[in-house]
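# Examining the three-dimensional arrangement
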Amino acid sequence: MDHEAQLAELGARLAGLAMVRRTGCLDVCERSNVIVVQPSAEGRRAGGRPVWLGGVNDPGAATDIVAWVNGGGPGLADPPGILDLYLFSPSRRVRNELEG
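Every value quoted in this text rests on a predicted model; they were computed, and no experiment measured them.

## Thoughts on helix 3 (residues 59-70)
Spacing of three or four residues puts side chains on the same side of an α-helix, whose turn is 3.6 residues. With 12 residues, helix 3 should reach 16 Å at 1.5 Å per residue; the first-to-last C-alpha distance of 17 Å fits that figure. For helix 3, the set of buried residues is Ala 61, Ala 62, Ile 65, Val 66, Trp 68 and Val 69. Buried residues in helix 3, looked at end-on, bunch into an arc of 160°, giving them a common side. Buried residues along helix 3 sit in contact with helix 1 (3-13), strand 1 (35-37) and strand 2 (51-53). Two to three positions downstream of the cap, the backbone nitrogen of Gly 60 sits 2.7 Å from a side-chain oxygen, assigning the N-cap of helix 3 to Asp 58. Phi for Gly 72, located one or two positions after helix 3, is positive at around 130°.

## A short note on the layout of surface pockets
Of the voids in this model, the largest pocket is the one considered here, and its volume is about 1,100 Å³. Along the wall of the largest pocket there are 35 residues; nearest its centre are Val 20, Arg 21, Val 34, Ile 35 and Val 36. Breaking the lining of the largest pocket down by element, the ones donating at least two residues are helix 1, strand 1 and helix 3. Examining the composition of the lining of the largest pocket, we find that 5 residues originate from one element, helix 1, more than from any other. Residues belonging to the lining of the largest pocket are distributed by class as follows: 21 nonpolar, 10 polar and 4 charged.

Each value, and the rule that gives it
Sequence order as written defines the numbering, with residues in each chain counted from 1. Under the rules for a predicted model, residues below a pLDDT of 70 receive no local features and side-chain atom pairs below 80 are neither given nor counted, while totals for whole chains, interfaces and linings still include all residues. Side-chain figures throughout are based on the complete set of non-hydrogen atoms in the structure, without hydrogens or water. Secondary structure elements are defined from DSSP: runs of H or I of at least 4 residues count as helices, runs of E of at least 2 residues count as strands, and each element is numbered from the N terminus. An expected span of 1.5 Å times one less than the residue number is assigned to each helix. Each residue is assigned to one of three classes by its accessible area relative to the maximum for its type, calculated with a 1.4 Å probe on protein chains only: buried under 20%, partly exposed between the two thresholds, exposed over 50%. The reported arc concerns the directions from the helix axis to the C-beta atoms and nothing else. Residue contacts follow a heavy-atom distance rule, with two residues in contact if any of their heavy atoms lie within 4.5 Å. For this analysis, a polar contact is any N or O atom pair within 3.5 Å, provided that within protein one partner can donate a hydrogen and the other can accept it, and provided that sequence-adjacent residues contribute only side-chain to side-chain pairs. As defined here, a cavity is a set of points on a 1 Å grid over the protein atoms alone where a 1.4 Å probe fits but cannot get out. A pocket is an open set with protein on both sides within 12 Å along at least five of seven lines, and residues line them when an atom is within 4 Å of a point. Grid points are joined across faces, edges and corners, and a volume is the space filled by probe spheres set on the points. Each residue gets one label: Ala, Val, Leu, Ile, Met, Phe, Trp, Tyr, Cys and Pro are nonpolar, Asp, Glu, Lys and Arg are charged, and the others, such as Gly, are polar.

See the structure below:
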């Protein structure tokens, strides 16, 4: 997996719509690549919460993520069903560190 290429692709395809940023370890390294899709302000008001996706090493998954974010993302649009393969829930401690 070319991690740099995936990051560049997501950044380019979501430019002007969503911020893409690299972080340090999220304490779930065994699930690399981990992507956390944060809801927009509107999505959060609609009840959306961050969605954690792990093992995102298939180039097609990036396309599905981009389509979902373009459709509104968490709280506003249901993710494509294929993303269910990548969903996971991190520990409460890890979630709180990211959201806090």
